[in-house]
There are 2 protein chains.
Amino acid sequence: MGRHREFDVEKALDAALCVFWRKGYEGASYADLTEAAGVERPALYSAFGNKEALFRQALARYDERYLGYIPEALQLPTAWEVAAHILYNAADLNTRYPDRTGCFGINGALAGSDEAEPVRQALIDFRAAAQAQLRERFERAKAEGDLPETAKSDALAAFVMAVTHGMAVQAKAGFSRAMLEAVAEQALSTWPTGSSTSSGTS
Amino acid sequence: MGRHREFDVEKALDAALCVFWRKGYEGASYADLTEAAGVERPALYSAFGNKEALFRQALARYDERYLGYIPEALQLPTAWEVAAHILYNAADLNTRYPDRTGCFGINGALAGSDEAEPVRQALIDFRAAAQAQLRERFERAKAEGDLPETAKSDALAAFVMAVTHGMAVQAKAGFSRAMLEAVAEQALSTWPTGSSTSSGTS
DNA sequence: CCTTTTTCATAATGGCCATTACTAAACCAC
DNA sequence: GTGGTTTAGTAATGGCCATTATGAAAAAGG
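Please read all numbers here as calculations on a predicted model, not as lab measurements.

A. Layout of helix α6 (residues 79-96) of chain A. Taking 1.5 Å as the rise per residue, α6 of chain A with 18 residues should run 26 Å; its terminal C-alpha atoms sit 25 Å apart, in good agreement. A large share of α6 of chain A lies buried, amounting to 16 of its 18 residues.

B. Up close: the protein's contact with DNA strand C. Near DNA strand C lie 21 residues; those nearest to it are His4, Tyr30 and Tyr45 of chain A together with Arg3 and Glu6 of chain B. Of all DNA strand C atoms lying within 4 Å of any protein atom, the proportion belonging to sugar or phosphate reaches 70%. Between histidine 4 of chain A and DNA strand C, the recorded distance is 2.4 Å, taken from a side-chain N or O atom to a sugar or linking oxygen. Separating a phosphate oxygen of DNA strand C from a side-chain N or O atom of tyrosine 45 of chain A is a distance of 2.9 Å. In terms of residue count, the dominant contributor to the surface near DNA strand C is helix α3 (residues 41-48) of chain A (three residues). For the surface near DNA strand C, a count of residues per class yields eight nonpolar, six polar and seven charged.

C. Seen up close, the nonpolar core. In terms of nonpolar packing, the biggest core is built from 147 residues, with Phe20 and Phe138 of chain A together with Phe20, Phe138 and Trp191 of chain B touching the most fellow members. With residues near it in sequence (within four places) discarded, phenylalanine 138 of chain B still touches Ala79, Val82, Leu147, Ser153, Leu156, Ala157, Val160 and Trp191 of chain B.

D. Just the interface of chain B and chain A, in detail. Each partner contributes residues to the interface: chain B has 42 residues there, and chain A has 42 residues. At the boundary of chain B and chain A, one finds three salt bridges. Between glutamate 185 of chain A and lysine 152 of chain B there is a salt bridge whose closest N-O contact spans 4.0 Å. Counting across the interface, chain B meets chain A through six residue pairs in polar contact (both at pLDDT 80 or more). Taken together, the elements giving at least two residues each to the side of chain B that touches chain A come down to α1 (9-27), α7 (104-107), α8 (117-143), α9 (153-172) and α10 (177-188) of chain B. Top contributing element to the side of chain B that touches chain A by residue count: α9 of chain B, with 14 residues. Along the lines of polarity and charge, the residues of the side of chain B that touches chain A split into 21 nonpolar, 12 polar and nine charged.

Thresholds applied
- Residues numbered from 1 in each chain as written.
- Chains lettered and ligands numbered in written order.
- Predicted model: local features only at pLDDT ≥ 70, side-chain atom pairs only at ≥ 80, totals over all residues.
- Heavy atoms only, no water.
- Helix = DSSP H or I, 4+ residues; strand = E, 2+ residues; numbered from the N terminus.
- Expected span 1.5 Å × (residues − 1).
- Buried < 20%, exposed > 50% of the residue type's maximum accessible area, 1.4 Å probe, protein only.
- Near = heavy atom within 4 Å.
- Polar contact = N/O pair within 3.5 Å; in protein donor to acceptor, adjacent residues only side chain to side chain.
- Nonpolar A, V, L, I, M, F, W, Y, C, P; charged D, E, K, R; others polar.
- Core = buried A, V, L, I, M, F, W, Y, C linked by side-chain atoms within 4.5 Å.
- Contact = heavy atoms within 4.5 Å.
- Salt bridge = Lys/Arg side-chain N within 4 Å of Asp/Glu carboxyl O.

This is how it looks when you write it as structure tokens:
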């Protein structure tokens, strides 16, 4: 029993996600969030908890709604294709929405006040998880002869992630999608190969 | 005539620089700044103006005190050496001070509230200036035959900058200097060459 | 020594922040 | 239809924010 909720919780979360994406965790105020969601403050609190809880749910939603290309990439047959898929899709995602350029996980909280420490750490862990998956995929590639035995899979994974992070910074600075693709292309141009070499784009 | 200033303005600026480096523009409060500088609020205002003016002076000081390796790099004989010098020195600077990892120019303001827009733009312009210098240096390298005619100097400059930005994000996340150096090494491993090839590290 | 000028430190100001009482309205069970 | 329960919206609360008024202290000129 009781009164029904009058707003769509998922739409409100999507709206909050966009605000956090654009302004980051600390840069987003409840005035911004309620305006974007079209919902009053207490409704957001009752539906999501406090600001930190709302941000964490927005992060989870970002993962499932926008980062599907990462598990996609991991299933591609060669390490080169994995890296290319990630880099080109990152270039696309970082420039696809002009009102929220860059990456949610980078814009969210890089530096900030001490109160934002838990959120910052959550984003660090989130990126670390992706990087670990990538490293494991590259280790598999070594076992399959797709990468040379001398390749350092952790360094390669860190490198691919670094380039995506750098592209996110550049996208937030207004770089065009074409420019980011050129960065991705350069990053891929010296990819180590095992027995077979690859070419083409994702 | 009049009373003498009792604190060292340069030391206060250095202290503010460290706070901004660690917490970014919006994450740093005057409580943080005055504590670090050992100076009361009105003294900071009278010496530097408001928070934005203080930040801009901190940025200028960061440039002259910590980024000397960039003009240094630009004078090296080959494009490869230029890139290597920048990447390895960035890896060093981003991890040199455990209390302020990453890069002032990235931590300072990536995303934030609308009030921080001018500061964000100032940092974007700052990075763009460095990237333009790098691009010009690479164009010279093409003229000198140090880079192939087919090389795209703007893409190469953007790539080198992207890797430094990515390393800054990773350093802020706690990555070790060795890991960042491995990223730098991977970034340099496929550098295009003209007639001569290079090797070694900076 | 006294006046003028500058700096110092305390403490105030107004605004925005996240969070939440509180009241009225809407719904379900009975 | 009525009682119990959940939501909606207004408006309050306490805290921190950048900024500055105020007055004491200190230095230099006359």
